[in-house]
There are 2 protein chains.
Amino acid sequence: MNKTQRNGGRAGPEGREGQDTTERRRELLDAADRVVLRDGPGASMNSIAAEAGITKPILYRHFGDKEGLYRALASRHTDALLRSLRAALDAPRERRSRVEATLDTYLTAIETHPQVYRFLMHPAETGPAGEQDFDAGQHSAPLLRRLGEELATVVGERLDLGPDGVDRARVWGHGIVGMMHAAGDWWLGEQPVPREQLVRYLADLLWGGLTEADDRPGAPGF
Amino acid sequence: MNKTQRNGGRAGPEGREGQDTTERRRELLDAADRVVLRDGPGASMNSIAAEAGITKPILYRHFGDKEGLYRALASRHTDALLRSLRAALDAPRERRSRVEATLDTYLTAIETHPQVYRFLMHPAETGPAGEQDFDAGQHSAPLLRRLGEELATVVGERLDLGPDGVDRARVWGHGIVGMMHAAGDWWLGEQPVPREQLVRYLADLLWGGLTEADDRPGAPGF
DNA sequence: TGACCGAATTACCGATGGTAACCACTGTGA
DNA sequence: TCACAGTGGTTACCATCGGTAATTCGGTCA
């Protein structure tokens, strides 16, 4: 088993050893967190190591490469955000309230911790070397993908969308998440309206606001 | 024959000068385009200069820094895409067809040129050094912002959205663009459904599909 | 011809991600 | 008590990148 390998130490029972190394990982991630929140997503491995009171090679032992560290770090925050959103999505209310609560939860999160948010949207960072992968579709922030899939599942489970319901649910899941994300990103920069209003507008959009609005008199129609 | 002929002395009027330098810029951008499409968004300034048959400092003379080059490059593609989208948005049909045509135009574009798409979504690249700016809101791809603002204008002009119409139009503009973007990004990776279907699903979502769907029997409601 | 001027190149700097080589400490077996 | 093995850790280093001074080269004017 040797779950984390390394150690090879016959010394203590492996459980104990694993305990230590995961505990260590947590400490390192805490340090990385502080640095990233302070210096932005471009924080260097050296500074992170320094914050943790160690040196680079140890970080590389634990996380492989920068991408690995950032993935681990992002995973923590993503998990936390996902938990909040799931809670909002599971609250026992009617549909509209549920949607508004979810939107509000997300927007509150990014408003409260913009640095975390910014980091989560930039995990790739594609260092100087290599990076040949051109699959064009996984570069986007994994957070959005996870949110989209999550929402797709919820929608697919709870709504009756007909024969092609699965595909439809996935499209809607990713689409709604993208709407929330883009609007939130723009709003975070300018904050031209209070959060509650943004939530209402977005929910209105999902509620078919675009269909119900009348053409402007004299306009070429929309 | 100094076809490129760096003018050699102020001889010519400035107009001529400008002509030459903008022509040169175009050539350099063409070269940069080829390299970026070949090596991905992480292409180095050296390789771009080599492709253009010159050396780094010239690139820096023309574009200031890497960010500048990438901005110029992105601007070209963004402008082109914006033109197509405006055309789709201005076609004389009824609202639903117009929306579907716009979605289809965008999705066709990213499907046809995924490398360009990928580059456009990663223009920041935040080099190794500095990069202290933490405003958390301008890091996102400028393309999405421009699209969002554009759509907001169109929506605001053509629809009668009541007293707070301007704010509402901006939220909707960015929201719709984000929906299109996220769904497109996900779809580009998996392509689980044909494009026409994706377009229909997204339009359905905007047409209030989420409101009209029935709860699944036995589900906790959505 | 020779001084001059500007464009382009070479050579370089500092910083980064990543790694190999080295070091020190600690407990074990004789 | 002492060699030893294995651990975690550090130092020193490499290739590469973005960016820039110093320098060379080609042509123009007196």
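The structure we're discussing is the one just above.
Report follows, based on the coordinates. No experiment lies behind these values; they were computed from the predicted model shown.

1. Digging into the interface of chain A and chain B
Piece 1. Listed per partner, the contact involves 79 residues of chain A and 79 residues of chain B.
Piece 2. For the pair chain A and chain B, the summed buried surface comes to about 7200 Å²; carbon and sulfur atoms form 59% of the total.
Piece 3. Where chain A touches chain B, the interface holds eight salt bridges.
Piece 4. One salt bridge in this structure joins Arg145(B) and Asp185(A), with 2.7 Å as the shortest N-O distance.

2. Side note on the packing of aromatic side chains
Two aromatic rings, taken as a pair, are described by how far apart their centres are and by the angle between their planes.
Piece 1. Applying the stated rule across the entire model yields two aromatic pairs over all chains.
Piece 2. Centre to centre, the rings of Tyr70(A) and Phe119(A) are 5.3 Å apart; their planes meet at 65°, and the pair counts as edge-to-face. Of this pair, Tyr70(A) sits in helix H4 (residues 66–90) while Phe119(A) sits in helix H6 (residues 114–120); the two residues are 49 residues apart in sequence, bridging distant segments of the chain. The two residues Tyr70(A) and Phe119(A) agree in class, both being buried.
Piece 3. In this structure, Arg96(B) is placed above the aromatic ring of Trp207(B), and the distance from its NZ or CZ to the ring centre is 5.4 Å.

3. Considering the layout of surface pockets
The method is simple in principle: a probe with the dimensions of a water molecule rolls over the atoms, and the space it marks as empty is what remains.
Residues and elements named next belong to chain A.
Piece 1. Taken as a whole, the second largest pocket spans an internal volume of roughly 220 Å³.
Piece 2. Around the second largest pocket sit 14 residues that line it, and His77, Leu81, Ala109, His113 and Val116 are the ones nearest its centre.
Piece 3. Residues that form the lining of the second largest pocket fall into these classes: 10 nonpolar, four polar and no charged.

4. Some points on the environment of His62(B)
Residue and element names in this part refer to chain B.
Piece 1. Here His62 shows up in helix H3 (residues 56–63).
Piece 2. Here the alpha-carbon distance between His62 and Arg24, two residues 38 residues apart in the chain, equals 9.1 Å.
Piece 3. In this structure His62 touches Thr21, Arg24, Arg25 and Leu28, once residues within four positions along its chain are discounted.

5. Here's the deal with the packing of helix H4 (residues 66–90) of chain B against helix H7 (residues 142–158) of chain B
Residue and element names in this part refer to chain B.
Piece 1. Across the interface, H4 lies against H7 with an axial gap of 11 Å and an inter-helix angle of 25°. The angle between H4 and H7 places the two elements in the roughly parallel class. Crossing of H4 over H7 shows right-handed handedness. Touching Ser75, Thr78, Asp79, Leu81, Leu82, Leu85, Arg86, Leu89 and Asp90 of H4 are Leu143, Arg146, Leu147, Glu150, Leu151, Val154 and Arg158, all from H7.
Piece 2. Counted by class, the contact of H4 with H7 contains eight nonpolar, two polar and six charged residues.

6. Topic: the relation of the copies chain A and chain B
Piece 1. Mapping chain A onto chain B leaves a residual RMSD of 0.1 Å; the transformation is a rotation of 180° accompanied by 0.0 Å of translation along its axis. The transformation relating the two chain copies, once decomposed into turn and shift, fits a two-fold axis.
Piece 2. Counting the interface residues of chain A, we find that 100% of their copies in chain B are interface residues as well, pointing to one common contact surface.

7. Observations concerning the nonpolar core
Piece 1. Of all hydrophobic cores here, the largest spans 126 residues; its most connected members are Tyr106(A) and Tyr106(B).
Piece 2. Not counting residues up to four positions away in its chain, the partners in contact with Tyr106(B) are Leu81(B), Leu85(B), Tyr117(B), Met121(B), Leu147(B), Met180(B) and His181(B).

8. With respect to the pattern of salt bridges
Any two side chains of opposite charge can pair if their charged atoms end up close together.
Piece 1. By the definition in use, this model includes 44 salt bridges over all chains.
Piece 2. In this structure, Glu23(A) and Arg26(A) form a salt bridge, with 3.4 Å as the shortest nitrogen-oxygen distance. With Glu23(A) and Arg26(A) both in helix H1 (residues 14–39) and three residues apart, the pair spans about one turn of that helix.
Piece 3. Arg26(A) sits in the partly exposed class, given a relative accessible area of 41%.
Piece 4. Notably, a salt bridge pairs Asp204(B) with Arg168(A), separated by 2.9 Å at the nearest N-O pair. Here Asp204(B), found in helix H9 (residues 195–206), pairs with Arg168(A), found in helix H8 (residues 165–190), and the two come from separate chains. By the burial criterion, Asp204(B) is buried, and Arg168(A) matches it.
Piece 5. Beyond isolated ion pairs, a larger network of salt bridges with shared partners links Glu23(A), Arg26(A), Asp30(A), Asp33(A) and Arg76(A).

What counts as what
- Residues numbered from 1 in each chain as written.
- Chains lettered and ligands numbered in written order.
- Predicted model: local features only at pLDDT ≥ 70, side-chain atom pairs only at ≥ 80, totals over all residues.
- Heavy atoms only, no water.
- Contact = heavy atoms within 4.5 Å.
- Buried area = accessible area lost by both parts, 1.4 Å probe.
- Salt bridge = Lys/Arg side-chain N within 4 Å of Asp/Glu carboxyl O.
- Phe/Tyr/Trp six-rings, centres within 6.5 Å; stacked < 30°, edge-to-face > 60°.
- Helix = DSSP H or I, 4+ residues; strand = E, 2+ residues; numbered from the N terminus.
- Buried < 20%, exposed > 50% of the residue type's maximum accessible area, 1.4 Å probe, protein only.
- Lys NZ or Arg CZ within 6 Å of the ring centre and 35° of its normal.
- 1 Å grid on protein atoms, 1.4 Å probe; cavity = no way out; pocket = protein on both sides within 12 Å on 5 of 7 lines; lining within 4 Å.
- Points joined across faces, edges and corners; volume = space filled by probe spheres on them.
- Nonpolar A, V, L, I, M, F, W, Y, C, P; charged D, E, K, R; others polar.
- Axes fitted to C-alpha atoms, helices over the stretch in contact; angles between N-to-C directions.
- Parallel < 35°, antiparallel > 145°, perpendicular 65-115°, else oblique.
- Left-handed = near helix turned anticlockwise from the far one by under 90°.
- Least-squares fit on C-alpha atoms with pLDDT ≥ 70 in both.
- Core = buried A, V, L, I, M, F, W, Y, C linked by side-chain atoms within 4.5 Å.

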